[in-house]
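Residue-level structural notes
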Amino acid sequence: MNPPGLSAGAAGTSPPAIPHLGIDPFAISFFDDPYPAHQQMREAAPVVYLDRWNVYGVARYAEVYAVLNDPLTFCSSRGVGLSDFAKETPWRPPSLILEADPPAHTRTRAVLSKVLSPAVMKRLRDGFMAAAEAKVDELVARGSFDAIPDLAEAYPLSVFPDALGLQPEGREHLIPYASLVFNAFGPPNELRQQAIERSAPHQAYVTAQCQRDNLTPGGFGACIHAFSDSGEITPAEAPLLVRSLLSAGLDTTVYGIGAAVYCLARFPDQWARLRADPALARNAFEEAVRFESPVQTFFRTTTRDVELGGVVIPEGEKVLMFLGAANRDPRRWERPDSYDITRKVSGHVGFGSGIHMCVGQLVARLEGEAVLTALARKVGAITMSDEPKRRYNNTLRGLESLPVTFTPA
Amino acid sequence: MTTITFIHPDNRSETVEAEDGATVMLAALTHGVDGIVAECGGNAVCATCHVYVDDAWTSKLEPVSDDEDALLDGTAAERRPNSRLSCQIKVQPALAGLVVRIPDRQS
């Protein structure tokens, strides 16, 4: 499976060679410190080839942005993980939105866009802010705790499943299910294999929860089903669209909030700026999404021979986009390795870009803003009380444990 | 290049030479005009590039699409008849002299 960029053409007309790199972007050692490898890929060429998994890779901002914004050439319907749905049976029925192309995607995307619109966020805002204040009050009273389970997980769990309209029973399956989904985008390594082997109870829970009868009226889930009454989607499609919120709506925000708290704990100067002006909370969260890029990678599959970055990628090839590397590309960002809560961060690809850009991004931002606003108002100092521990996932970057002490403001 | 003027809530104005084919949102970001946040980067998701178009210009713009209309219902500042999302306004020579006002908040 040699990319044609390496084959010799006529003298003077041969395209530049595509560098072959030995990097395994799904290895534990990579997850421990991806930044040197990100830099190596960015500096090697606009397009690289990763021999470990026989995929093309793009790590510069310009090429990642280009791939994200040409969804007909770089399609999603053949899977946004390594597995090519044209060659392998997907581990679960494909998503009707994430793993779909226009025109099918256009219809389902429109429904979720309406369910998660700015107008809907306005109605949720006060409740989400109050829940964050209550959570931070509780943690300030405790003093020392683990910011991952006790804040980054506990806060989204206190607001999102209710907003979705889930039954109280069985919610312990939510984070393991999401972890499974994001591990499954990776290659057949131990993380993916183990996740799928243990998936049956989580899949059973999610399948049941997506049914109309199990969803509380007024929640996101019931709103999705209501679109099957008006004909925008079919009754059979509605549960699979609810599944998208269960897959992508919780764990991602856990990692996002965890990233923000980790940034504020590590960079006291930025924490001081946030305390001085809590109105920066929303941008401080957004910058944490750029800086840590909780969703590190997604794949696309080429639908035709396509020129990208001066080389040709043949039809039917997997292209791995390094969102985290693009978000720290010095070609696009000044001081890319600095966490700066006043940065103009618009244009980062932490939520993707183009037609597949995270449809739940407004929920994520609302949660992030709520938590950081409450922290800025109520916490004087955030001190790390022990070494943080990393959590390993083929797609998501974040922590397993972040022991901290909150001093009251 | 097309001249566009942004007026801030404190009535301070900034005039930029915007690249034709770009959006008014991108022109603001490119030229460092504050107050256009554009959280979603121009993907018509977020409604944080809200502007009030000067009355002389509202009828010269492409009409509001259904998607933009729905997003405008979620703007942080009050929606008015001349509210638009600046990511949906394409810069073109016919808009030379366009004036838009930036609301006091975007989120």
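Attention in this report is confined to the structure presented alongside it.

Rules used in this analysis
Residues numbered from 1 in each chain as written. Chains lettered and ligands numbered in written order. Predicted model: local features only at pLDDT ≥ 70, side-chain atom pairs only at ≥ 80, totals over all residues. Heavy atoms only, no water. Pairing = 2+ DSSP bridges. Helix = DSSP H or I, 4+ residues; strand = E, 2+ residues; numbered from the N terminus. Axes fitted to C-alpha atoms, helices over the stretch in contact; angles between N-to-C directions. Phe/Tyr/Trp six-rings, centres within 6.5 Å; stacked < 30°, edge-to-face > 60°. Buried < 20%, exposed > 50% of the residue type's maximum accessible area, 1.4 Å probe, protein only. Lys NZ or Arg CZ within 6 Å of the ring centre and 35° of its normal. Expected span 1.5 Å × (residues − 1). Disulfide = S-S within 2.5 Å. Core = buried A, V, L, I, M, F, W, Y, C linked by side-chain atoms within 4.5 Å. Contact = heavy atoms within 4.5 Å.

1. So, the sheet that holds strand 1 (residues 2-7) of chain B
Residues and elements named next belong to chain B. Read across the open sheet, the 5 strands follow the order 2-1-5-3-4; overall the sheet is mixed. The open sheet has two edge strands with one neighbour each: strand 2 (13-18) and strand 4 (83-85). Looking at each pair of strands side by side, their axes are set apart by 35 degrees on average, direction ignored. Where strand 1 and strand 2 come together, 6 bridges link them in antiparallel fashion.

2. What about the packing of aromatic side chains?
Residue and element names in this part refer to chain A. Inspection of the entire model under this criterion finds 13 aromatic pairs over all chains. Considering the side-chain rings of F26 and F299, the 6.1 Å spacing of their centres and the 15 degrees angle between planes classify their relative orientation as stacked. Taken together, the residues span a long stretch of sequence, with F26 in the loop between strand 1 (20-21) and helix 1 (28-32) and F299 in strand 6 (residues 297-302) at a distance of 273 residues. Considered together, F26 and F299 belong to a single accessibility category, that of buried residues. Both rings, one in F145 and one in F406, keep their centres 4.8 Å apart while their planes meet at 90 degrees; by these two values the pair is edge-to-face. Placement of F145 in strand 5 (residues 144-146) and of F406 in strand 13 (residues 403-408) is noted, with a sequence separation of 261 residues between them. What makes F145 buried here is its relative accessible area of 7%. Under the relative-accessibility criterion, F406 is labelled buried at 2%. An aromatic cluster is present here, built from F30, F31 and Y392 joined pairwise through their rings. Just above the ring of Y61 sits the side chain of R332; from NZ or CZ to the centre is 5.1 Å.

3. Remarks on the pairing of strand 6 of chain A
Residue and element names in this part refer to chain A. The buried count for strand 6 comes to 6 of 6 residues, which makes it a mostly enclosed element. Of the two faces of strand 6, the one lined by T297, F299 and T301 and the one lined by F298, R300 and T302 are each fully buried. Two strands pair when backbone bridges link them, and strand 4 (residues 74-75) and strand 6 are joined in this way by 2 bridges, in the antiparallel orientation. In the sheet register, F74 faces strand 6, and the bridge partner there is T302. With 5 bridges connecting them, strand 6 and strand 9 (residues 318-322) associate as antiparallel partners. Residue pairing in the sheet places R300 in a bridge with V319 of strand 9.

4. Looking at helix 12 (residues 251-266) of chain A
Across its 16 residues, helix 12 of chain A extends 22 Å between first and last C-alpha, which sits within 8% of the 22 Å expected from 1.5 Å per residue. Buried residues dominate helix 12 of chain A, accounting for 15 of its 16 residues.

5. Here we look at the pairing of strand 9 of chain A
Residues and elements named next belong to chain A. Within strand 9, 5 of the 5 residues are buried, leaving the element largely enclosed by the surrounding structure. Here strand 9 shows a buried face lined by K318, L320 and F322 and a second buried face lined by V319 and M321. Two strands pair when backbone bridges link them, and strand 3 (residues 55-58) and strand 9 are joined in this way by 3 bridges, in the parallel orientation. From the neighbouring strand, G57 faces strand 9, where its bridge partner is L320.

6. Overview of the state of the cysteines
A full pass over the atoms with the stated rule returns 0 disulfides over all chains. Lacking any disulfide linkage, C87 of chain B is separated from the closest cysteine sulfur, that of C49 of chain B, by 3.8 Å.

7. Structural notes on the nonpolar core
One finds Y155, F220, I224, L274, L372, L375 and F406 of chain A to be the most contacted residues of the largest nonpolar core, which totals 113 residues. Per-element tally for this core: the top contributor is helix 16 (residues 361-378) of chain A, with 10 residues. Contacts of L375 of chain A, omitting those with residues within four sequence positions, involve V136, L151, V261, W271 and F406 of chain A. With 27 residues, the next largest nonpolar core counts A28, V33, C49 and W57 of chain B among its residues.

Geometry only, nothing functional implied.
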